[in-house]
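Examining the three-dimensional arrangement
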Amino acid sequence: MKLTIDTKITLNDGHAIPQLGLGVWQTRAGKSCEAAVLAALEAGYRHIDTAAMYGNEESVGAAIRISGIPRENIFVTTKLWNSDHGKPEQALDTSLRKLNMDYVDLYLIHYPVRQRRQSWLALEALRAQRKARSIGVSNFTIRHLTELLAETGTVPAVNQVEFHPYLYQQELLAYCQAKGIVIEAYSPLTHGERLNDPKLVAVAKRYASAGAQPARRWSQLPLAHKLSRAPETKSTAQILIRWALQHQLVVIPKSANRRRILEDADVFDFEITSDDMQLLDGFNENLRTCWDPTHAP
């Protein structure tokens, strides 16, 4: 199937999640966050990932309302923070109030903590109340998932983890695929730490831009919102995003820069060859640019 900015992956509960989304971690609340979300929506993104801990849920909700795009056409994720595990329903109600929404499309346990079983049971109830259409987890290892599945009745729809060629978690991916859990890749660009890696640069140089636009809605954008010109070759960031997409991951690159948001979406006019996918798979060095959940309780 040809990938487009509209491509979705069907979750184990029947709902569909857009494969490309915008992450807003560390995006300052207020005009900066609103502008980033609006730029993404104008470029064709239909998936926004926020969290209570990010402190910008109000800005995300405001931008969605300003966009004029019907709420049901945008997939919104938020997350249960560690200090709220004793009160998940209250925490989600607070998030919904800040977002000014009746429901979120995906509610995640942000980190594995000791109270995760009780919180997961509460998330199951929130899904039954339709305050969260889908529920999942974030930063869960195979051990955490195995323990959760042994104790509860609902398989998480999503496990959101750091994932990129330099942290190619093959065992976790295989486990989740076997259980019907979609892997969602955060920090897919390694926080910029490997964007200038000569090996990755060499791969990027093999992929010239075809000049195709990232989405059919691109032609509707004001000229000032578009890239000034198509790059001669794909960027290393675009290679990393495309790699994740071709591994059938959901991928949520984060940026508050309009130009980068547009560039991150311009990944649908080329395909990485099987040889280069295998080469990129071999870049793994267990590089974590975020928190390591391996020894979490």
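The paragraphs below set out a description of the structure included in this document. (Residues numbered from 1 in each chain as written. Predicted model: local features only at pLDDT ≥ 70, side-chain atom pairs only at ≥ 80, totals over all residues. Heavy atoms only, no water.)

Turning next to the layout of surface pockets. A water-sized probe rolled over the atoms picks out the places where empty space is left. The space that makes up the largest pocket amounts to roughly 620 Å³. Contributing to the lining of the largest pocket are 33 residues, with Trp25, Ser187, His191, Pro253 and Lys254 lying nearest its centre. Tallied by class, residues from the lining of the largest pocket come to 15 nonpolar, 11 polar and 7 charged. Counted as a void, the second largest pocket has a volume near 350 Å³. Taken together, 21 residues line the second largest pocket, and the ones lying closest to its centre are Gln19, Leu245, His247, Gln248 and Leu249. Every element with two or more residues in the lining of the second largest pocket is listed here: α6 (170-179), β9 (182-186) and α8 (236-246). (1 Å grid on protein atoms, 1.4 Å probe; cavity = no way out; pocket = protein on both sides within 12 Å on 5 of 7 lines; lining within 4 Å. Points joined across faces, edges and corners; volume = space filled by probe spheres on them. Nonpolar A, V, L, I, M, F, W, Y, C, P; charged D, E, K, R; others polar. Helix = DSSP H or I, 4+ residues; strand = E, 2+ residues; numbered from the N terminus.)

Within a sheet, each strand pairs with its neighbour through backbone hydrogen bonds, oriented either parallel or antiparallel. In space, the 8 strands of this open sheet follow the order β3-β4-β5-β6-β7-β8-β9-β10, with parallel pairing throughout. On the outer flanks of this sheet lie β3 (22-23) and β10 (250-251), each paired with one strand and no other. Pairing of strand β7 (residues 132-138) with strand β8 (residues 158-162) involves 2 bridges; the strand directions are parallel. In the strand pairing of β8, serine 138 is matched with glutamine 160. Sitting on the sheet, helix α4 (residues 116-128) touches β5 (75-80), β6 (104-109) and β7, and the angle it makes with β7 is about 160°. (Pairing = 2+ DSSP bridges. Contact = heavy atoms within 4.5 Å. Axes fitted to C-alpha atoms, helices over the stretch in contact; angles between N-to-C directions.)

This part covers α6. All buried positions along α6 are accounted for by Leu172, Leu173, Tyr175 and Cys176. One side of α6 carries all its buried residues, which in axial view fall inside an arc of 165°. Exposed residues pointing more than 90 degrees away from the buried face of α6 are listed as Glu171 and Ala178. One or two positions beyond α6, positive phi appears at glycine 180, with a value near 80°. (Buried < 20%, exposed > 50% of the residue type's maximum accessible area, 1.4 Å probe, protein only. Arc of directions from axis to C-beta.)

On to the packing of helix α3 (residues 88-99) against α4, then. Between α3 and α4, the shortest axis-to-axis distance is 9 Å and the interhelical angle comes to 50°. It follows from the interaxial angle that α3 and α4 lie oblique. Counted together, Pro88, Glu89 and Leu92 of α3 and Ser119, Ala122, Leu123 and Leu126 of α4 form the full contact between these two elements. (Parallel < 35°, antiparallel > 145°, perpendicular 65-115°, else oblique.)

Working definition: two side chains of opposite charge can pair if their charged atoms are close together. The final tally for this structure, using the stated rule, is 14 salt bridges. A salt bridge links lysine 234 to aspartate 266, with the nearest nitrogen and oxygen atoms 3.6 Å apart. With lysine 234 in the loop between α7 (198-204) and α8 and aspartate 266 in the loop between α9 (258-265) and α10 (274-281), this residue pair connects regions lying 32 residues apart in the sequence. Grouping residues by exposure puts lysine 234 and aspartate 266 together as buried. (Salt bridge = Lys/Arg side-chain N within 4 Å of Asp/Glu carboxyl O.)

The quantities given are spatial measurements derived from coordinates; they are silent on function.
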